[in-house]
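Residue-level listing of the chains:
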Amino acid sequence: MSTRSRLVRRVLMALLAGVAILLLERTGVMEHFLSQVAPARFDWNNDYQLVEHLRRVVVDEGLTHDRKDCLLFIINGNDPPDASRLQVMEKHSGSCPGAKGELPKLFTVRVNRLTHTVQTDAGTTGTFHPLP
């Protein structure tokens, strides 16, 4: 095999590998794989990090058919700092489908920030069960 054909073969392999990585990243497969291999640590007392974590978990566990960006989490300000309740609402604005201006409630999530446990009443309103 000539040097030129080896070089062409290597360049083509590098291009194919690059395109494959871009496709995996674009479809979200890469993000899902990386989150399984090395889950990111987050601060349970940081509301922003907690909501972003719950967005991913709620969608990954199939508790809703909505996209992550079409979910709205409302934190109950009257709860103690170590245990919070969050109302999960469905947004109907921007690129999210549905009648504009409506925020239907999907379910409630209870978070114990001390024991790092999450419970939800999705599918069983008022009766909470663990969320993985």
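Before reading further, recall that the structure is shown in the block above.
The following refers to the structure shown. (Residues numbered from 1 in each chain as written. Predicted model: local features only at pLDDT ≥ 70, side-chain atom pairs only at ≥ 80, totals over all residues. Heavy atoms only, no water.)

Mapped onto the secondary structure, Leu114 falls in the loop between strand S3 (105-112) and strand S4 (117-120). As for Leu114 and Ala83, which are separated by 31 residues in sequence, their C-alpha atoms are 7.7 Å apart. (Helix = DSSP H or I, 4+ residues; strand = E, 2+ residues; numbered from the N terminus.)

This part takes up unusual backbone geometry. The phi angle at His116 is positive, at roughly 60°, despite the residue not being glycine. If you trace the backbone, His116 turns up in the loop between S3 and S4.

Right, let's get into a nonpolar patch on the surface. On the surface, Leu7, Val8, Val11, Leu12 and Leu15 cluster together into a nonpolar patch covering about 470 Å² of accessible area. If you trace the backbone, Val11 turns up in helix H1 (residues 3-27). Val11 gets classed as partly exposed once you look at its relative accessible area, which sits at 45%. (Patch = residues over 30% accessible without salt bridge, like charges linked within 9 Å, V, L, I, M, F, W, Y side chains within 5 Å. Areas by Shrake-Rupley, 256 points an atom, 1.4 Å probe, with all protein chains shown as cover. Salt bridge = Lys/Arg side-chain N within 4 Å of Asp/Glu carboxyl O. Buried < 20%, exposed > 50% of the residue type's maximum accessible area, 1.4 Å probe, protein only.)

Examined bridge by bridge, strand S2 (residues 83-90) and S3 share seven bridges and lie antiparallel to one another. Across the sheet, Gln87 pairs through a bridge with Thr108, a residue of S3. Where S3 meets S4, four bridges bridge the pair, whose relative direction is antiparallel. Opposite Arg110, over in S4, you have Gln119 as the bridge partner. Where S3 folds back on S4, the antiparallel hairpin that results is connected by four residues, among which His116 adopts a positive phi of roughly 60°. (Pairing = 2+ DSSP bridges.)

The next subject is the sheet that holds strand S5 (residues 129-130). Two orientations exist for strands paired in a sheet by backbone hydrogen bonds: parallel and antiparallel. Taken in spatial order, the five strands line up as S1-S2-S3-S4-S5 in an open sheet, and their pairing is antiparallel. Each edge of the sheet is formed by a strand with only one pairing partner; in this case those strands are strand S1 (71-75) and S5. Looking at chain direction, S1 and S2 are connected through five bridges and run antiparallel. Along S2, the bridge assignment pairs Ile75 with Leu86. Of the strands in this sheet, S1, S2, S3 and S4 are in contact with helix H3 (residues 47-60), which crosses S1 at around 135°. (Contact = heavy atoms within 4.5 Å. Axes fitted to C-alpha atoms, helices over the stretch in contact; angles between N-to-C directions.)

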